[in-house]
Amino acid sequence: MLKTLHACEWLAGAIHSLEVPNLDPSYVNMRAFREKRAELEKLKTTFVRRASEFLRNYFSSLVAFMLSDKSFFSQRGHLKRPDHAELRYKCRTYAPLLQHLKSLDKSCLGPLRKSYCHSLSLLLRREWWHNWNFLVPAGELANELRASTKAPKNPVVWFKGSNGSGPDGRSSADTSIVSDAYSKMLTIYIPLLMDESSFFAHFMCFEVPAGAPNVNKSKSGEDANDDLGLMNPDGNDLKPDDTSAELGTLNEAIQELLDRMQKDFYEVIDWAYNIDPLLCISMHGITERYISGQKADSAGFVRKLLDDLESRISAQFSRFIDEACHQIECNEKKVRQTGILAYIPRFAVLASHMEQHIQGLSRDLIEKAYTKLVITMFATLEIIAWDDPKTADIVLIENYAAFQNSVYDLASVVPTLAKFYHQASESYDLASTRHVSSHIYLQFERLFQFDQKVEELSYTIAAEEIPFQLGMTKTDLRGVLKSSLSGIDKSVGAMYRSLQKTLTFDEGLFLVLWDKCKKEFMDKYENFVQMVIRIYGNESFIPVAQMREILA
């Protein structure tokens, strides 16, 4: 190699000496100088071609040797971070040769860079799969990973079917090993890729701005300084040109180097989604945490890789949520439904599982999913309920109550679910008020209609004139009191039984509604009594206290 470098220096010097201004312009057109320059150019072309061929073969053979040596890979019981110290040490031997080749013919570096990227990509991918199979050791699991794009698992179904409270076909196996393995792979390979890019930039003679991220620094101890001490043929240190346009070329080359790695990460994400879509939550948190921790130190391409992984995970999780919403909406097309809809309790189970997968900063991803799911659930519930107005309030009461009961614990710690808990509570109150009012009016319609007519008249005429209006006299009032309040015990009993018939699923819910019914009735009755005293004076009616005892 030393003799080769001396030959390179001589050749570069000889060519340089035959160029203006080192050569008197009067000699440029002389045949002897033209022939000599042609000879040197031919020599340069031949040397560059043979040296490039040698280096391409060398890169390939060096990687082939590492691939065949099991000591470079993780052994049973011991996870080994890929160690490329020996590869870089051997490559450094030829760094000065690459610099001379760049001086002789810069265009030869393109194919050399591609050759190096191709060889290193093979090594990185082999190490990747070896380590992944080490972290996810089950043979079937590893084989499934490789075949994931060809034979995906049937997606987990959370909201289809009318029975049970859990998803159909959900695996009971612990899938945390997958997210743990993904975390370890990021921990291993992100620093490694930054190291490789730093070495690649220097070794392959890229002239990049001094402030380019991670080009002049590396994370590992052995590669903490990848300055190859390169010099030009004149013996001067090479200094990066701050205005160099090679940064774009470098990023393209590194992207080519990492394309395969990115696809491998994508395969892991897609496979994990097929195993359990909720793994996207933990992987998103892991990736987001890594992005946050690496933002100041990562090279641009590493940040892009992490951003792309995060986008891929988010897209897969969004796909799962969209499918879940579609399953919920399919309930609209079923025949008339009563009772608690299957997706109400299943959502609580899903939310509990989602909370268990949260890691780091993935809260925002979950909150958006909750929002989309619950909005779809409530909209579908309203459509199903009002398909039959006679039973609409019953369906709404039972389902909004079931939602509140199922998410009560989670709503105390999850702000988004707390918001929907209160929304369900408000909708429940509206439906229950309508429902109990309908049963009150079923038994005491004349009584409270009379009160309503008096109230309407009070807006247009004086209070003392109301008893003289048609249908509003004291005689009319006494008739209403007699028909409505004679046999009051039977009327209250009938109201109790009619309300009880509408709610057969939950005795506790019926008791709550009966209490509400009694309160609503007493509020209306107290208003009626106050109206009678104000408008009609001392008429005979059941006192409020006695009415309370009857209801009790």
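Residues numbered from 1 in each chain as written. Predicted model: local features only at pLDDT ≥ 70, side-chain atom pairs only at ≥ 80, totals over all residues. Heavy atoms only, no water.

Participant: Could you give an account of the overall build of the protein chain, naming the residues involved and the relevant values?
Facilitator: Within the protein chain, the secondary structure is distributed over 18 helices and 0 strands. Excluding contacts between residues fewer than 6 apart, the proportion of contacts in the protein chain whose partners are at least 24 apart in sequence is 78%. Working note: accessible area of the protein chain is about 27,700 Å², and carbon and sulfur atoms make up 52% of it. (Helix = DSSP H or I, 4+ residues; strand = E, 2+ residues; numbered from the N terminus. Contact = heavy atoms within 4.5 Å. Areas by Shrake-Rupley, 256 points an atom, 1.4 Å probe, with all protein chains shown as cover.)

Participant: Residue-level account of the nonpolar core, with values.
Facilitator: Among the nonpolar cores identified, the biggest contains 160 residues, and Tyr116, Tyr182, Phe317, Phe347, Phe403 and Tyr536 are the most heavily contacted of them. Residue contacts for Tyr536: discarding those within four places in its chain leaves Phe450, Val454, Ile466, Pro467, Met472, Thr473, Lys474, Leu477 and Met531. (Core = buried A, V, L, I, M, F, W, Y, C linked by side-chain atoms within 4.5 Å. Buried < 20%, exposed > 50% of the residue type's maximum accessible area, 1.4 Å probe, protein only.)

Participant: Could you give me a rundown of the packing of aromatic side chains, with the residues and numbers involved?
Facilitator: Enumeration according to the criterion identifies 27 aromatic pairs in this entry. Their ring planes at 40 degrees and their centres at 6.0 Å tell us that Phe317 and Phe320 sit as a pair that is tilted. Of this pair, Phe317 and Phe320 both sit in helix H10 (residues 300-329), 3 residues apart, which is roughly one turn of that helix. Judged by its relative accessible area of 2%, Phe317 is buried. Exposure remark for Phe320: the relative accessible area of 4% places this residue in the buried category. A centroid spacing of 5.7 Å and a plane angle of 80 degrees characterise the contact between Phe448 and Phe521, whose relative ring orientation is edge-to-face. Here the residue Phe448 occupies a position in helix H14 (residues 415-457), and Phe521 occupies one in helix H17 (residues 507-536), the gap between them amounting to 73 residues. This pair shows no difference in class: Phe448 is buried, exactly as Phe521 is. One aromatic cluster is present, built from ring pairs that chain together Phe59, Tyr116, Phe199, Phe200, Phe203 and Phe206. For Arg113, the ring lying beneath its charged end belongs to Phe206, and the centroid distance is 3.6 Å. Over the ring of Tyr266 we find Arg312; its NZ or CZ atom is 4.3 Å from the centre of that ring. (Phe/Tyr/Trp six-rings, centres within 6.5 Å; stacked < 30°, edge-to-face > 60°. Lys NZ or Arg CZ within 6 Å of the ring centre and 35° of its normal.)

Participant: I'd like to hear about the environment of Leu104, residue by residue, with values.
Facilitator: In this structure, Leu104 sits in helix H4 (residues 95-104). Considered as a pair, Leu104 and Ile15 are 89 residues apart in the sequence and their alpha carbons are 9.2 Å apart. Here Leu104 is in contact with Leu11, Ala12, Lys44, Phe47 and Val48, once residues within four sequence places are set aside.

Participant: So what about unusual backbone geometry? Which residues, and what values?
Facilitator: Located in the positive-phi region is Cys205, a residue other than glycine, with phi close to 60 degrees. Assignment of secondary structure puts Cys205 in the loop between helix H7 (176-203) and helix H8 (246-275). A relative accessible area of 4% means that Cys205 is categorised as buried.

Participant: Give a description of the pattern of salt bridges that names residues and reports values.
Facilitator: Following the criterion strictly, the structure yields 15 salt bridges and no others. Here Arg88 ties to Glu196 by a salt bridge, and the two come within 2.8 Å at their closest N and O atoms. One end of the pair, Arg88, is in helix H3 (residues 85-92); the other, Glu196, is in helix H7, and 108 residues separate them in sequence. Note on accessibility: Arg88 and Glu196 belong to one class, buried. For Asp515, the salt bridge identified is with Lys518, shortest N-O distance 3.6 Å. Of this pair, Asp515 and Lys518 both sit in helix H17, 3 residues apart, roughly one helical turn. (Salt bridge = Lys/Arg side-chain N within 4 Å of Asp/Glu carboxyl O.)

Participant: Describe H3, listing the residues and the values that go with them.
Facilitator: Those residues of H3 not exposed but buried are Leu87, Arg88 and Cys91. Along the axis of H3, the buried residues cluster in a sector spanning 95 degrees; they form a single face. (Arc of directions from axis to C-beta.)

Participant: Now, about helix H15 (residues 474-485): what can you tell me, with residues and values included?
Facilitator: Since one α-helical turn is 3.6 residues long, residues separated by three or four positions face the same way. The end-to-end C-alpha distance of H15, which contains 12 residues, comes to 16 Å, matching closely the 16 Å that a straight helix rising 1.5 Å per residue would cover. Inspection of H15 places Leu477, Val480, Leu481, Ser484 and Leu485 among the buried residues, and these make up the whole buried set. Buried positions in H15, seen along its axis, are confined to an arc of 100 degrees and lie on one side of it. Exposed residues lying more than 90 degrees from the buried face of H15 are Thr475 and Lys482. Each element contacted by the buried residues of H15 is listed here: H14, helix H16 (488-502), H17 and helix H18 (544-551). (Expected span 1.5 Å × (residues − 1).)

Coordinates in, geometry out; function isn't part of it.
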